[in-house]
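Architecture at a glance
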Amino acid sequence: RRNVLFIMADDLRTSLGCYRDSVVKSPNIDQLASKSQVFVNAYAQQAVCAPSRTSMLTSRRPDTTRLYDFKSYWRVHSGNYSTLPQYFKSRGYFTMSVGKVFHPGIASNHTDDYPYSWSIPAYHPASFRYEKEKMCKGEDGKLHANLLCAVNVTEQPGGTLPDLESTDEAVRLLKSRANSDDRFFLAVGFHKPHIPFRIPQEYLSLYPIDQMTLAPNPDVPKLLPPVAYNPWMDVRKRDDVQKLNISFPYGPIPKDFQLRIRQHYYAAVSYMDAQVGRLLSTLDELGLADSTMVVFTSDHGWSLGEHGEWAKYSNFDVTTRVPLIFYVPGVTTLHHRLREPTFPFIDVLTQSELSFKNDKVITNMVELVDVFPTVSYLAGLRAPRPCPDVSFQEELCTEGENLAYTFRHRERGEDEEAISYSQYPRPADTPQVNSDLPDLKDIKSMGYSLRSWDYRYTLWLGFNPKTFQVNVSDVHAGELYMLACDPAQDNNIYSDSDHSVIMTKMANLPHV
C-alpha cells in the first residue's frame, strides 16, 4: 500500500506550464507533472467551492449530494456517504487535513467532517481570519479590503500568510509520520489563487504588467443566453473594484485593471506553486518519495475575462476544467537506485526557467468524481463499486470511474463517447445579484452541461428546489459550441442545430 499526499488548490484553472500555458511560471508543479500521469481534460461537476469539493470527496454528483450552495451537510441533507479520506481511515490509514480541503462551515458540519474523515482534527491556518479584512495598503496609505493585495509578508499579522502556515504544518505532519508503521493520507488544501490576491509582493515581479495581455475573447458572446452569464459579485464587492463604478451585470472592467487582475492571478499561482515545491521536496528529504503517491488538483477553474466574465460560477471550460495530476511511484516513474532527489525544490524567484516534458498524458474527458475510486485503487485498496441509479441509501459507492486502467494502457486516440458532466444553478433567467451563488430555495433553473471531444452542450432546465426535480420539458435556454471551429466557446449555435443525437446523450444524465 502507498501513502497518499493529496494536494488541492482553490480556484486554479489549467494555468500551468504542464498544461501549455505560456505565461505562467509553475516549475514545481511542472516537475511533478513530468514524473506523473497528467489528465488534460478533467472537469469539475459544479464550478463553486463547497459543491465541487463535496462531490469530489464523496464521488457523488451534486444531484446526489443535493448541495448546490454552501448551506447544508450531506450526511444530514441527502445521505450518509463515505468520503475518500474516511475510506482510507477505515482501512487503517492515518488521515490528516491541512488548510481548505472540505469547504469549512455548515457544508462540512463545522468540523471538516471530523471525526468521520480524519484521525485528528483538521488544521486551519490562524492567519486566514485576516483574509477578508482590510489588509491591503492603498495609494492613500490606508488599509483596504482589495481584490489586488500584494503585500510585504513581514508586515502581515504574525509575519505570515495562510498558505505559508499550511505548508509549515503539512511539513511538520510529514516528519511526524515518516517513521511510523501506519500508512498515511495527508490532504493539503491551499487557499490560492482564490481571491483576494493577498500574496507576497515579490511574485508580481515575475509578470511585468507591460507583458500581460487581455483574454483573447474579452467580450460577452452575442448569443449567450442571459441565464448563462455570471455577474462576478464577489469580485465587484472588493474595495478597489467598487471604486471603478462598473455597471451591472455586464459592464466591462477597464482594460488596465483587467491586466492587473490577470497579473495578480498568475503571481498567486506561482506563490502557490512554491508551496507545492516545499511539500514535494520534503518527501525527498524524508525518503518518502518512493512510497507516497501524490495527487494534485483543484476544485474548479476561474474566468480571467473570457466571455466578459470573471470568477467561477459558470459551465464554460475556463471554470469547469481543472488540473489533475497523479504521481504513482513505480507506475508513473521508476524507483531511483542512485538516490537522486525526485522533487528538488525550484525557487521560481531566483532560478532560471526550466523546461519539463510530460511523457504520460491522457487527453480523453474525465471528471473529479473519478478521483475517489482511482486514488483508492492506485494506493492499493479496492475501488468502491459503482453506485446504482438511485444511491441515497448507499454509504459507499462511486458515481465516477476508476481510471487505473489508463495507467497501464496507452490511450488509443479520441473516445467520442467520453463525456464530462457539469451543472450550475440559477435563480432567474437574467443576471441577478444572487445569480453566482443562489440559495437552494431560490433556484429556478439548472444548467446541465455535457463536454465531449466535439462539443459543449448546455440545457437550462426548470428545477424545483423543494423536490429536487428537473423538468426536462421546461427548457429555459440552450448553448451548443462546436469545439473544432470554436474552442473558446464564443459562438452559440444552439438554435441552428439538430438536437436529436445530443438529446439521446442527455437521457443518460445521472438520475435524481
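Anyway, here's the lowdown on the structure attached to this text. For every chain, the first residue of the written sequence is number 1, and numbering continues from 1 along that sequence. Since the coordinates come from a predicted model, pLDDT governs what is reported: local features require at least 70, and pairs of side-chain atoms require 80 or more to be given and counted, while whole-chain, interface and lining totals use all residues. Side-chain measures were taken over the full set of non-hydrogen atoms in the model, leaving aside hydrogen atoms and water.

Describing helix H9 (residues 255-285)
Just so we agree on the cut-off: What counts as a helix is a DSSP run of H or I of at least four residues, what counts as a strand is a run of E of at least two, and both are numbered from the N terminus. What a helix is expected to span follows from its residue count: subtract one and scale by 1.5 Å. Relative accessibility decides the category of a residue: with a 1.4 Å probe and only protein chains considered, values under 20% of the type maximum give buried, values over 50% give exposed, and everything between is partly exposed.
Between its terminal C-alpha atoms H9 stretches 45 Å, which fits the 45 Å expected from 31 residues at 1.5 Å a residue. Taken across its 31 residues, H9 has 25 buried, putting it largely inside the fold.

Thoughts on the packing of aromatic side chains
In plain terms, the rule: Classification of ring pairs uses Phe, Tyr and Trp, with its six-membered ring standing for Trp, and accepts pairs whose centres are within 6.5 Å; under 30 degrees between planes counts as stacked, over 60 as edge-to-face, and the remaining range as tilted. Each ring is checked for a lysine NZ or an arginine CZ that lies within 6 Å of its centre and within 35 degrees of its normal; such an atom marks a charge sitting over the ring.
One pass over the full model with this rule turns up 22 aromatic pairs. Ring centres of Trp74 and Phe102 lie 5.6 Å apart, and the angle between their planes is 15°; this geometry places the pair in the stacked category. Linking Trp74 in helix H4 (residues 74-77) with Phe102 in the loop between strand E4 (94-99) and strand E5 (136-137), this pair joins segments that are 28 residues apart in sequence. Across the pair, Phe102 and Trp74 agree in class, each one buried. With 5.8 Å between their ring centres and 35° between their planes, Tyr207 and Tyr266 make a pair best called tilted. With a gap of 59 residues between them, Tyr207 in the loop between strand E9 (197-200) and helix H7 (233-236) and Tyr266 in helix H9 connect regions that are remote in the sequence. Considered together, Tyr207 and Tyr266 belong to a single accessibility category, that of buried residues. Above the plane of the ring of Tyr116 lies Arg75, whose end atom (NZ or CZ) is 4.0 Å from the centre.

Brief notes about the pairing of strand E19 (residues 455-464)
Note the following rule: By the convention used here, strands pair only if DSSP detects at least 2 bridges between them.
With respect to burial, E19 is a largely interior element, nine of its 10 residues being buried. Sheet analysis places strand E18 (residues 445-451) next to E19, joined by seven bridges and oriented antiparallel. Within the sheet, the bridge partner assigned to Tyr448 lies in E19 and is Leu459. Alignment of E19 against strand E20 (residues 469-482), held across 10 bridges, turns out to be antiparallel. Residue Leu459 lies in a different strand from E20, and its bridge partner there is Gly478. Counted between consecutive antiparallel strands, the loop separating E19 from E20 contains four residues, among which Phe468 sits at a positive phi close to 60°.

Details of the environment of Thr398
For the record, the criterion: Contacts described as polar in this section are N or O atom pairs within 3.5 Å, which, within protein, must combine one atom able to donate a hydrogen with one able to accept it, while residues neighboring in sequence count only if both atoms come from side chains.
Mapped onto the secondary structure, Thr398 falls in the loop between helix H11 (371-379) and helix H12 (405-408). Once the C-alpha coordinates of Thr398 and Ile362 are considered, the two residues, 36 residues apart in sequence, prove to be 21 Å apart. A polar side-chain atom of Thr398 sits 2.8 Å from the main-chain amide nitrogen of Gly400.

Side note on the state of the cysteines
Filter applied, for reference: Cysteine sulfur atoms that come within 2.5 Å of each other are treated as a disulfide pair.
For the structure shown, the criterion picks out two disulfides. Covalently, Cys136 is tied to Cys149 through a disulfide, its sulfur atoms 2.2 Å apart. The S-S bond linking Cys136 to Cys149 shows a torsion near -100°; that makes this disulfide left-handed. Placement of the pair is Cys136 in strand E5 and Cys149 in strand E7 (residues 148-151), with a sequence separation of 13 residues.

Overview of unusual backbone geometry
With an omega dihedral of 5°, the bond running from Tyr114 to Pro115 counts as a cis peptide bond. With respect to the secondary-structure elements, Pro115 resides in the loop between E4 and E5. Cis geometry marks the peptide bond from Ile195 to Pro196; its omega dihedral reads -5°. Along the chain, Pro196 falls in the loop between strand E8 (184-189) and E9. Residue Tyr313 is not a glycine yet carries a positive backbone phi of 65°. Its location among the elements puts Tyr313 in the loop between strand E12 (310-311) and helix H10 (317-320).

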